[in-house]
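What the coordinates show
So the chains spell out like this:
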Amino acid sequence: MNRRLAVLISGRGSNLQSIIDSIAAGELDATIAVVVSNRSDAAGLLRAREAGIEALCLDPRGYPDRTVYDSAIVELLKARDVGLVCLAGFMRLVRAPLLEAFPNAILNIHPSLLPAFPGIHAQQQALAHGVKVSGATVHLVTGELDSGPIVAQAAVPVLGDDTRDTLAARILIEEHKLYPEAIRTMLDGGWRIEDRRFVS
């Protein structure tokens, strides 16, 4: 697989930073070709620029609909010869243009052990359900929310005195380890999809 990455963000970009750091440390053989945000105030754009990475904002309000917006992202990524797209806190559903342009080549990281607690506020969902274990999942992106084949997971115990913030903080530590590892698995190849299963 082409080792040129695009990272799509909407906020602070802490998982972006973990990818940047893994590449800099020689732990991940990849290049971040571009960082794209749907928000001009996303702190992750500054992180990217400080690392010498091209960082752009595509504001969806400047496009007539979601399909046109996603098509614009595809054009931008194709122009930079991107092979793998990594969603890192990108708070938009990925639509057909991106899915068709990058089949089995879009990753997302989610703060729960999917298929439990998809969507937003996953940590709060975990606490509300009283689970004893939560964690993080990296999965391939499909047209259904947080439901693609699971590439990697990490478990995090839920403590009796956890709040949403304390649980989220411990899960985030595991996310920062897990995402670069999952990207490496994707780039190194030798994997296949069997029904819903990612087999490597």
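Residues numbered from 1 in each chain as written. Predicted model: local features only at pLDDT ≥ 70, side-chain atom pairs only at ≥ 80, totals over all residues. Heavy atoms only, no water.

**Topic: the nonpolar core**
Judged by nonpolar contacts, the single largest core of 63 residues is most densely connected at Val35, Leu77 and Ile183. The element that contributes the greatest number of residues to this core is helix α6 (residues 164-188), accounting for 8 residues. Contact partners of Ile183, with chain neighbours within four places excluded, come to Leu5, Ile19, Leu28, Leu84, Cys86 and Leu107. (Core = buried A, V, L, I, M, F, W, Y, C linked by side-chain atoms within 4.5 Å. Buried < 20%, exposed > 50% of the residue type's maximum accessible area, 1.4 Å probe, protein only. Helix = DSSP H or I, 4+ residues; strand = E, 2+ residues; numbered from the N terminus. Contact = heavy atoms within 4.5 Å.)

**A few points about the sheet that holds strand β4 (residues 84-87)**
Spatial ordering of the open sheet is given by β3-β2-β1-β4-β5-β6-β7, a layout of 7 strands whose pairing is mixed. A strand with exactly one partner marks an edge of an open sheet, and here the two such strands are β3 (55-57) and β7 (150-157). Taken pair by pair, the neighbouring strands of this sheet meet at an average axis angle of 20 degrees, ignoring direction. Alignment of strand β1 (residues 4-9) against strand β2 (residues 31-37), held across 6 bridges, turns out to be parallel. Bridging across to β2, Leu8 finds its partner in Val36. Contacting β1, β2 and β3, helix α2 (residues 43-50) crosses the sheet at an angle of about 155 degrees to β3. (Pairing = 2+ DSSP bridges. Axes fitted to C-alpha atoms, helices over the stretch in contact; angles between N-to-C directions.)

**A look at the packing of helix α1 (residues 14-24) against α6**
Across the interface, α1 lies against α6 with an axial gap of 9 Å and an inter-helix angle of 50 degrees. With respect to their mutual orientation, α1 and α6 come out oblique. In terms of crossing hand, the pair formed by α1 and α6 is right-handed. Between α1 and α6, the residues in contact are Ser14, Asn15, Ser18, Ile19 and Ser22 and Leu172, Glu175, His176, Tyr179, Pro180 and Ile183, respectively. Looking at side-chain class alone, the contact of α1 with α6 contains 5 nonpolar, 5 polar and 1 charged residues. (Parallel < 35°, antiparallel > 145°, perpendicular 65-115°, else oblique. Left-handed = near helix turned anticlockwise from the far one by under 90°. Nonpolar A, V, L, I, M, F, W, Y, C, P; charged D, E, K, R; others polar.)

**Details of the pairing of β2**
With 6 of its 7 residues buried, β2 lies for the most part within the structure. Since β1 and β2 lie parallel, the crossover through α1 that links them has a hand, and here it is right-handed. The parallel pair β2 and β3, bridged by α2, forms a crossover whose chirality is right-handed. (Right-handed = clockwise from strand over helix to strand, strands pointing away.)

**Let's talk about the pattern of salt bridges**
Applying the stated criterion to the full structure yields 10 salt bridges. A salt bridge links Arg3 to Asp29; its shortest N-O distance comes to 3.8 Å. Placement of the pair is Arg3 in the segment before β1 and Asp29 in the loop between α1 and β2, with a sequence separation of 26 residues. For Asp29, a relative accessible area of 55% translates into the label exposed. (Salt bridge = Lys/Arg side-chain N within 4 Å of Asp/Glu carboxyl O.)

**Quick notes on the side chain of Asn38**
Mapped onto the secondary structure, Asn38 falls in the loop between β2 and α2. Judged by its relative accessible area of 12%, Asn38 is buried. Polar contacts involving the side chain of Asn38 include one to the side chain of Ser10, which spans 2.5 Å. Those residues in contact with Asn38 that lie beyond four places of it in its chain are Ile9, Ser10, Cys57, Leu58, Asp59, Pro60, Tyr69, Phe90 and Arg92. (Polar contact = N/O pair within 3.5 Å; in protein donor to acceptor, adjacent residues only side chain to side chain.)

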